[in-house]
Amino acid sequence: MQQAAGKTRQERKADLRGLVYRILSDGLMIFLGLVMAPIVIIPLLLPTLSPPVVEFLNMADTTIIAIFVLEYVLKLALAEDPVSHFLDRWHLLDLVIITLPVLEVVPVAGSTLARSSPALRLLRVVRVAAAGGRSVERRIEPETAVAVPAEPAFSTMRIRGRVGDSRDGERGFTPAEVKRYLDDPRVEAWFDLSGVSRPDFPVLSGLLDLPGVFFESRLMRPSHPGITFADKTRLIFVQAPERTLRVQNGVRVPVVTNVGLIIVNRGKTIVTVSKAEDRFFGPIRAGLDGSALAGVPLDTRVLYGSLDGINENYARILAELEAELMRLEGTPNNEMSKDFLDTVFQLKRVSSVLASSLFHQREVTTVIARDLPSTKSRAGEKSIFDALANETDYLHESAGNIREGLLSLIDVHINTVSYEMNRAMRVIAVLSALVLIPTLIGQVLGTNILGTPFSLSIWQVTAWTIISMLVVGWVFYKLGWLR
């Protein structure tokens, strides 16, 4: 019960936060910041203004400052993380804007600032500059995005792995040791290089005999999964998806980020390379220790464990999207939230990203399964990679189906809204036609009808008015406008 109540409070707080961000939007605050400039600067440039004009400008200035204070207090009180919200550079600038006016009435160096003092003028100019900087910065960067850590200027690479059938999975290796094992074709080994950054590229080039641009293009730039061959080396690039949330105008927006993994397979050795720290080593090692692939070469087990773990991540995210889709499909029209279309659109964008990544991932697993020889000794290996390729194909189809379902949901919602709007317009048209009848009759009765060859009584006028309205209403009913 307490958890339900806490969740309700969080949802209520999120709704209030969304309302505040919609009412006191960045566009409104940018406009007020721009309006503040002439209000403050004109009295400084034209000191001979009449008292009523000066009083009006001061009142407008005070009103704008009050709106800034209200926005700052409400957004700080409703923020998910008040400390981070307070320390944000935008909000520190907001604090400067609402604090500077206070200095206009506090003692400075033993005297109180007067309205025409040079110090006061300087404070007002600084306040205008702060408001202008706030407006420009909000215009350039309107969203609160997830902070991306800067690329380290020093090596953060960590090397771990396994040589032969040893279970010493926590053992660390030096680059010299790795190079010695890689140069020996008789050694069966797996090495995991995590936390790779640009300063490590020369070391990687020396270890794996690959150009540094290969690691730059795969790990540091957006790229699709793929597989290439260089002499006797098989180079595989895959991506593990991670679903995160980004705050945009006080609303949580789902975002899928991909963590790249390079797999270098040469003879009996296999090397996994990633810029993420401790992202792949643990799951792959757990799969090796508990793997049912007894007797299968180490490099094959590592390759299968890597691809299978990535498929599990895709399956988990797709299951969450499918559950969200079913919830949205089961929501009645009168219970849909006001941000329904925005939510569906964001989910559709996530499903599109997953479908695109899985398309290339499917190609990689298909090539690996196809290149395995169909000999009796390796029949087991080929069967598990065939199953992995089929699973990846199924995940790709699932992502496409979810995307199509979300698109259909958008179409149904838009059509429903259009139908309800058309129905409301028809009802308004019928009511207008019915009201027009007594209006016209009243206008006729209001004219001079003396000398007409007929006489009318009030009950006759009333009867004919009601009959006319019933006839018109019946016509509209038969046309289907009132159904």
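Every value quoted in this text rests on a predicted model; they were computed, and no experiment measured them. (Residues numbered from 1 in each chain as written. Predicted model: local features only at pLDDT ≥ 70, side-chain atom pairs only at ≥ 80, totals over all residues. Heavy atoms only, no water.)

A.B. asks: Where do I start with the nonpolar core in this structure?
C.D. replies: Trp190, Val238, Leu303, Leu318, Leu321, Leu354 and Phe385 are the most contacted members of the largest nonpolar core, which totals 46 residues. Elements that contribute at least two residues to this core include exactly strand E6 (233-248), strand E7 (251-266), helix H10 (281-289), helix H11 (298-329), helix H12 (340-371) and helix H13 (379-445). Sort the elements by how many residues they give to this core and H11 lands first, with 11 residues. Not counting residues within four places of it along the chain, the set of residues in contact with leucine 354 comprises Pro241, Val256, Tyr314, Ile317, Leu318, Leu321 and Ala399. (Core = buried A, V, L, I, M, F, W, Y, C linked by side-chain atoms within 4.5 Å. Buried < 20%, exposed > 50% of the residue type's maximum accessible area, 1.4 Å probe, protein only. Helix = DSSP H or I, 4+ residues; strand = E, 2+ residues; numbered from the N terminus. Contact = heavy atoms within 4.5 Å.)

A.B. asks: Would you mind going over the pattern of salt bridges with me for this structure?
C.D. replies: Proximity of charged atoms lets side chains of opposite charge pair with each other. Applying the stated criterion to the full structure yields 12 salt bridges. Note that arginine 362 and glutamate 363 form a salt bridge whose closest N and O atoms lie 3.7 Å from each other. When its relative accessible area of 16% is taken as the criterion, arginine 362 is described as buried. Overall, the relative accessible area of 38% leaves glutamate 363 in the partly exposed class. Linking aspartate 393 and arginine 362 is a salt bridge whose minimum nitrogen-to-oxygen distance equals 3.0 Å. Here arginine 362 lies in helix H12 and aspartate 393 lies in helix H13, a separation of 31 residues in the sequence. Its relative accessible area of 25% is what places aspartate 393 among the partly exposed residues. (Salt bridge = Lys/Arg side-chain N within 4 Å of Asp/Glu carboxyl O.)

A.B. asks: Is there a simple way to explain the packing of helix H8 (residues 201-208) against helix H9 (residues 212-220) in this structure?
C.D. replies: A pair of packed helices is captured by two measures, namely the crossing angle of their axes and the spacing between those axes. Running from N to C, H8 and H9 cross one another at 120°; their axes reach a closest spacing of 9 Å. In terms of orientation, H8 lies oblique with respect to H9. Remark: the crossing between H8 and H9 carries right-handed chirality. Facing H8, whose interface residues are Phe201, Leu204, Ser205 and Leu208, H9 presents Gly212, Phe215, Glu216 and Met220. Tallied by class, residues from the contact of H8 with H9 come to 5 nonpolar, 2 polar and 1 charged. (Axes fitted to C-alpha atoms, helices over the stretch in contact; angles between N-to-C directions. Parallel < 35°, antiparallel > 145°, perpendicular 65-115°, else oblique. Left-handed = near helix turned anticlockwise from the far one by under 90°. Nonpolar A, V, L, I, M, F, W, Y, C, P; charged D, E, K, R; others polar.)

A.B. asks: Please explain helix H7 (residues 175-183) as it appears in this structure.
C.D. replies: Owing to its 3.6 residues per turn, the α-helix aligns residues three or four sequence positions apart on the same side. Within H7, burial applies to Val178, Tyr181 and Leu182. The buried residues of H7 all sit within an arc of 100° when viewed along its axis, so they share a single face. Where H7 is buried, its residues contact strand E3 (158-163), strand E4 (189-194), H8 and strand E8 (269-273). (Arc of directions from axis to C-beta.)

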